[in-house]
Amino acid sequence: MTVLVINSGSSSIKYQLVDPESGDAIAVGLVEQIGESSSHVKHTYQGEKHEYDLVLADHGEGLRFVLNLFEKIGPQLSEAGIKAVGHRVVQGGNHFDGPALVTDEVRDLVEELAPLAPLHNPANLRGIDVARELLDVPHVVVFDTAFFQTLPEEAARYALNREVADKYAVRRYGAHGTSHQFVSQKVAEFTGRDDLKQIVLHLGNGASVSAVVNGEAVDTSMGLTPLEGLVMGTRTGDIDPAVIFHLSRVGGMNVGELDNLFNKQSGLKGLAGENDMRAVWALANGGDKFAREALDIYVHRLVKYIGSYAAVMGGLDTIAFTAGIGENDELLRAEVIERLNSFGIKLDLEANDVRSDDIRQISTDDSSVQVLIVPTNEELAIARQAMDVISR
Ligand code: ADP
């Protein structure tokens, strides 16, 4: 029994054939540069990587090529027991507080939400449309925002003029919800407790933090879009919105230029010249002042969020680190936790240095807060949610 998980971007399709029970990724692949002069396809099955360069004009051609690869290289989808396709969708607005079976109506709702996620929803929708055409199994959409539909109004509503905010559906929807939900559930299982005040730090290229009480999200750092909050690979995170007025009035920049500046040319890249955390460390270790400063800004912002979320929840039981940086960057974790020492939060330095794919504790036993590393697995979470939906 398997689920094909599809994450369709504007010029890419990421896919995984997942066994939702064992959690195994049976085949993994990526189609990139769709619609460009040459597209690139990578398909990995049984430890072997197969790569192709060819022209794929659109997502339909891309997915057709992938389905042929499954037949040619394996596993044969007819024999893999594919029960559903799970699609990642970024923006579910206020329509979706959980996964949904794709019907024509659900498909149209995803399209209607496009103005709230112009970079993502149309691309997600392309994946849904071509996959529905080519794969005759139930399709399920899993929304990045769904886990944050429980946010209380005080956390979800900006102090923006109510009429304007409501007219244009401006509020904090959050993002990375599938990961925050998966990780917070793992923390509950690991500790054997449902009654936890948790902070989840999802630190990848995109980065976000959530506050979770008794399994429900009560605050999160991403807002109307994934731009708000932490310092990210190329995004500013929190910034005074008046910077936009200033750069527009004084710098003469238009909306497109500002969007590009804030989303693609800022964050670690804009501060240190590199968006990849490993490259930033390499620069900083070589004595680069701007790279070291970028790390300081990154850590400062994280510490600020941890403190404020502990206050919002009126206490804190666990901090979980996840995603590329959270799971792998022991130096960064050490710098963050060191800043929290005065609250009795203590890192077990040896445990922090251990590399593993398992969930593990990296705080000392006498730490006031249990600090954990929890490997995230959004594909598995999507596959399991898809199975839940079709077996309802
Ligand atoms: P995405 O948001 O694209 O899914 P990931 O969760 O894969 O991103 O995280 C990518 C980030 O993780 C990059 O900044 C990368 O440098 C960082 N990363 C991966 N491995 C390490 C490591 N060993 N040390 C520090 N950072 C790492």
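- Per an unreviewed UniProt entry, the chain carries the name Acetate kinase and comes from Flaviflexus ciconiae.
- Reading the Catalytic activity (unreviewed entry) entry of the UniProt record for the chain gives the comment "acetate + ATP = acetyl phosphate + ADP".
- According to UniProt, the comment filed for the chain under the heading Subunit (unreviewed entry) is "Homodimer."

Examining the overall build of the chain
Here is step 1: Each helix and strand in the chain was counted, giving 15 helices and 14 strands.
Here is step 2: Its C-alpha atoms give the chain a radius of gyration of 21 Å, near enough to 21 Å, the size a compact globule of 392 residues would have.
Here is step 3: Overall, the C-alpha framework of the chain stretches about 60 × 55 × 45 Å when taken along its three principal axes.
Here is step 4: Each of the 392 residues in the chain was classed as buried or not, and the buried ones make up 50%.
Here is step 5: Long-range pairs, those at least 24 residues apart, make up 62% of the contacts in the chain between residues at least 6 apart in sequence.
Here is step 6: Taken as a whole, the chain presents about 18,200 Å² of accessible surface, with 49% of it coming from carbon and sulfur.
Here is step 7: Taken together, the 34 basic and 57 acidic charged side chains of the chain have centroids lying 4 Å from each other.

Things to note about the sheet that holds strand β3 (residues 25-32)
Here is step 1: On the basis of which strands lie adjacent, the open sheet formed by 8 strands has the order β5-β4-β3-β2-β1-β6-β8-β7 and mixed pairing. Edge strands, defined here as strands with exactly one partner in the open sheet, are β5 (48-54) and β7 (100-101).
Here is step 2: Packed onto the sheet, helix α1 (residues 59-72) meets β1 (2-8), β2 (13-18), β3, β4 (39-45) and β5 and runs at close to 30 degrees relative to β2.
Here is step 3: Where helix α3 (residues 121-134) meets the sheet, its contacts fall on β1, β6 (82-89) and β8 (139-143), and the angle it forms with β6 comes to roughly 165 degrees.

A short note on the nonpolar core
Here is step 1: Formed by 45 residues in total, the largest nonpolar core has its most connected members in Leu 203, Tyr 298, Ile 319 and Leu 332.
Here is step 2: At the level of secondary structure, the elements contributing two or more residues to this core comprise β9 (197-203), β10 (207-213), α9 (267-272), α10 (277-285), α11 (289-313), β12 (318-322), α13 (330-338) and β14 (370-373).
Here is step 3: Among the elements that take part in this core, α11 stands out by supplying 11 residues, more than any other.
Here is step 4: For Ile 319, the contacting residues outside a window of four places in its chain are Ile 199, Leu 201, Ile 306, Leu 340, Ile 345, Val 369, Gln 370, Val 371 and Leu 372.

Structural notes on the site of the ligand
Here is step 1: Close to the ligand lie Gly 204, Asn 205, Gly 206, Asp 276, Met 277, Arg 278, Ala 323, Gly 324, Ile 325, Asn 328, Asp 329 and Arg 355.
Here is step 2: Within the backbone of Gly 324, an N or O atom sits 2.9 Å from an oxygen atom of the ligand.
Here is step 3: Within the backbone of Ile 325, one N or O atom sits 3.3 Å away from an oxygen atom of the ligand.
Here is step 4: Coverage of the ligand by the protein amounts to 71% of the 580 Å² it exposes when considered alone.
Here is step 5: Under a 2 Å grid-point criterion requiring more than half of the atoms, the pocket assigned to the ligand is the second largest pocket.

Re the layout of surface pockets
Here is step 1: For the second largest pocket, the calculated volume is near 380 Å³.
Here is step 2: What lines the second largest pocket is a set of 14 residues, and nearest its centre among them are Asp 276, Met 277, Arg 278, Gly 324 and Ile 325.
Here is step 3: For the lining of the second largest pocket, a count of residues per class yields 4 nonpolar, 5 polar and 5 charged.

Considerations on the packing of aromatic side chains
Here is step 1: Applying the stated criterion to the full structure yields 5 aromatic pairs.
Here is step 2: Their ring planes at 55 degrees and their centres at 5.7 Å tell us that Tyr 15 and Phe 70 sit as a pair that is tilted. With Tyr 15 in strand β2 and Phe 70 in helix α1, this pair connects stretches of sequence that are 55 residues apart. Note on accessibility: Tyr 15 and Phe 70 belong to one class, buried.
Here is step 3: Here Tyr 305 and Tyr 309 contribute two aromatic rings whose centre-to-centre distance is 5.5 Å and whose plane-to-plane angle is 80 degrees, an arrangement assigned as edge-to-face. Residue Tyr 305 and its partner Tyr 309 are located together in helix α11, separated by 4 residues, close to a single helical turn.

Re the packing of α1 against α3
Each pair of packed helices can be summarised by the angle the axes make with each other and by the distance between the axes.
Here is step 1: Closest axis-to-axis distance for the α1/α3 pair is 9 Å, and the angle between their directions is 50 degrees. Taken together, the axes of α1 and α3 lie oblique to each other. As for how α1 packs across α3, the hand of that crossing is right-handed. Every residue of α3 that contacts α1 at His 59, Gly 60, Leu 63, Arg 64 and Leu 67 is listed here: Arg 126, Val 130, Ala 131, Glu 133 and Leu 134.
Here is step 2: Counted by class, the contact of α1 with α3 contains 5 nonpolar, 2 polar and 3 charged residues.

Here's the deal with the domain arrangement of the chain
Where interface size is quoted, it is often the accessible area lost as the parts come together.
Here is step 1: What the domain assignment reports for the chain is domain 1 (2-143) and domain 2 (192-378).
Here is step 2: For domain 1 and domain 2, the distance between their C-alpha centroids amounts to 29 Å.
Here is step 3: Tallying the contact residues gives 4 residues for domain 1 and 4 residues for domain 2.
Here is step 4: For the pairing of domain 1 and domain 2, the buried interface totals around 350 Å² over both sides, and the portion due to carbon and sulfur atoms is 49%.
Here is step 5: At the junction of domain 1 with domain 2, the criterion picks out 0 salt bridges.
Here is step 6: Linking domain 1 with domain 2 are 0 residue pairs in polar contact (both at pLDDT 80 or more).
Here is step 7: In terms of residue class, the side of domain 1 that touches domain 2 is made up of 1 nonpolar, 2 polar and 1 charged.

Thresholds applied
Within any chain, residue numbers begin from 1 and follow the written order of that chain's sequence. Only residues with pLDDT of at least 70 get local features here, since the model is predicted, and only at 80 or more are side-chain atom pairs given and counted; chain-wide, interface and lining totals rely on the full set of residues. Note: side-chain values were computed over all heavy atoms of the structure, leaving out hydrogens and water. UniProt positions are given in the numbering used here, feature names are shortened, and annotations may be inferred rather than shown by experiment. Under the DSSP-based scheme used, a helix requires at least four consecutive residues in state H or I and a strand at least two consecutive residues in state E, with every element numbered from the N terminus. We take the radius of gyration over the C-alpha atoms and set the globule estimate at 2.2 Å times the residue count to the 0.38 power. We call a residue buried when its accessible area falls under 20% of the maximum for its residue type, exposed when it is over 50%, and partly exposed in between, using a 1.4 Å probe and counting protein chains only. We call two residues in contact whenever any of their non-hydrogen atoms come within 4.5 Å of each other. Surface accessibility in these figures is a Shrake-Rupley result with a 1.4 Å probe; residues are shielded only by whichever protein chains are displayed. Under the convention used here, Asp and Glu are negative, Lys and Arg are positive, and both His and the chain ends fall outside the count. To locate a charge, take atom NZ for lysine, CZ for arginine, CG for aspartate or CD for glutamate. Pairing between strands requires that DSSP locate at least two bridges from one strand to the other. Here an axis means a line fitted to C-alpha atoms, over the contact stretch when the element is a helix, while the angle between two N-to-C directions is reported on a 0 to 180 degree scale. What we call a nonpolar core is a set of buried Ala, Val, Leu, Ile, Met, Phe, Trp, Tyr and Cys residues that are connected through their side-chain atoms within 4.5 Å. Whether a residue is near a molecule or strand depends on its heavy atoms: if one lies within 4 Å, it is near. Under the rule applied, a polar contact is a pair of N or O atoms within 3.5 Å (in protein, one hydrogen donor and one hydrogen acceptor; residues adjacent in sequence only if both atoms are side-chain atoms). Each cavity reported here is a set of points on a 1 Å grid over the protein atoms alone in which a 1.4 Å probe fits but cannot get out, each pocket an open set with protein on both sides within 12 Å along at least five of seven lines, and each lining residue one with an atom within 4 Å of a point. To qualify as sitting in a cavity or pocket, a molecule needs more than half of its atoms within 2 Å of the grid points. Grid points are joined across faces, edges and corners, and a volume is the space filled by probe spheres set on the points. When residues are sorted by character, Ala, Val, Leu, Ile, Met, Phe, Trp, Tyr, Cys and Pro go into the nonpolar class, Asp, Glu, Lys and Arg into the charged class, and all the rest, Gly among them, into the polar class. Pairing of aromatic rings covers Phe, Tyr and the six-membered ring of Trp, with a centre-to-centre limit of 6.5 Å; geometry is then stacked below 30 degrees between planes, edge-to-face above 60, and tilted otherwise. For classification, angles of less than 35 degrees are called roughly parallel, those exceeding 145 degrees roughly antiparallel, those between 65 and 115 degrees roughly perpendicular, and all remaining angles oblique. Definitions for this section: a left-handed crossing has its near helix turned counterclockwise from the far helix by less than a right angle. A right-handed crossing has that turn clockwise. These domain limits were set by an automatic method or by a database of domain assignments. Buried area: the sum, over both parts, of the accessible surface (1.4 Å probe) that disappears when the two are put together. We count a salt bridge whenever a side-chain nitrogen from Lys or Arg sits within 4 Å of a carboxyl oxygen from Asp or Glu.

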